[in-house]
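For reference, the chains in residue letters:
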Amino acid sequence: ITDIPDVDNKTSYAPEILVLYNKGIVVGDENMNFYPNDNIKRCEAAAIVSRIIDWHLRIELPKG
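Definitions and cut-offs
- Residues numbered from 1 in each chain as written.
- Predicted model: local features only at pLDDT ≥ 70, side-chain atom pairs only at ≥ 80, totals over all residues.
- Heavy atoms only, no water.
- Helix = DSSP H or I, 4+ residues; strand = E, 2+ residues; numbered from the N terminus.
- Rg over C-alpha atoms; globule rule 2.2 N^0.38 Å.
- Buried < 20%, exposed > 50% of the residue type's maximum accessible area, 1.4 Å probe, protein only.
- Areas by Shrake-Rupley, 256 points an atom, 1.4 Å probe, with all protein chains shown as cover.
- Core = buried A, V, L, I, M, F, W, Y, C linked by side-chain atoms within 4.5 Å.
- Contact = heavy atoms within 4.5 Å.
- Polar contact = N/O pair within 3.5 Å; in protein donor to acceptor, adjacent residues only side chain to side chain.
- Arc of directions from axis to C-beta.

**Overview of the overall build of the protein**
Then, number 1: Counting its regular elements, the protein contains two helices and zero strands.
Then, number 2: Expected size for 64 residues packed as a compact globule is a radius of gyration near 11 Å; at 11 Å, the protein falls within 12% of this value.
Then, number 3: Dimensions of the protein, computed from the C-alpha atoms along their principal axes, are close to 30 × 30 × 20 Å.
Then, number 4: When each of the 64 residues of the protein is scored for burial, the buried share is 20%.
Then, number 5: Accessible surface computed for the protein: about 5,100 Å², of which carbon and sulfur atoms make up 54%.

**Structural notes on the nonpolar core**
Then, number 1: Core analysis: the biggest nonpolar cluster contains nine residues, these being Ile4, Val7, Ala14, Ile17, Tyr21, Ile25, Val26, Val27 and Leu61.
Then, number 2: Excluding residues within four positions of it along the chain, Val26 makes contact with Ile17, Leu20, Tyr21, Phe34 and Ile48.

**Concerning the environment of Tyr13**
Then, number 1: Along the chain, Tyr13 falls in the segment before α1 (14-22).
Then, number 2: Linking Tyr13 and Pro36, residues 23 residues apart in sequence, is a C-alpha distance of 9.1 Å.

**Description of the side chain of Arg51**
Then, number 1: Among the structural elements, Arg51 can be located in helix α2 (residues 42-53).
Then, number 2: Within the structure, the side chain of Arg51 is placed 3.1 Å from the backbone oxygen of Ile25, a separation counted as a polar contact.
Then, number 3: If we ignore the near neighbours within four places in the chain, the residues touching Arg51 are Gly24, Ile25, Val27, Leu57, Arg58 and Ile59.

**Observations regarding α1**
Then, number 1: What α1 keeps buried is the set Ala14, Ile17 and Tyr21. End-on, the buried residues of α1 take up no more than an arc of 60°, which puts them together on one face.
Then, number 2: With its phi angle positive at about 75°, Gly24 sits one or two positions after the end of α1.

**Quick word on the environment of Arg58**
Then, number 1: Assignment of secondary structure puts Arg58 in the segment after α2.
Then, number 2: In this structure Arg58 comes out as partly exposed when scored by relative accessible area, which is 30%.
Then, number 3: When the C-alpha atoms of Arg58 and Arg42 are compared, they prove to be 18 Å apart, with 16 residues separating the residues in sequence.
Then, number 4: With sequence-adjacent residues up to four places away left out, Arg58 is seen in contact with Lys23, Gly24, Ile25, Arg51 and Ile52.
Then, number 5: Looking at Arg58, its side chain comes within polar contact range of the main-chain oxygen of Arg51, at 2.8 Å.

Following this line, the structure appears as structure tokens:
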């Protein structure tokens with residue numbers, strides 16, 4: 001994936017977000033929106049940490 005709907009070149013840390021998306025660590029909501037200007041919730045942080053630690057928990061993104 002090279003494009004995230006609500007992350008563009010002007011978004012802080014856009015390249016890093018894209019790397020984490022492609023690794024299945026962060027996946028956004030059901031529409032693949034990331035909401036880069038919102039605060040991260042505790043449950044979202046826990047999911048990210050879990051996916052970093054255990055690669056079996058990573059989310060496979062649709063190809064194409």
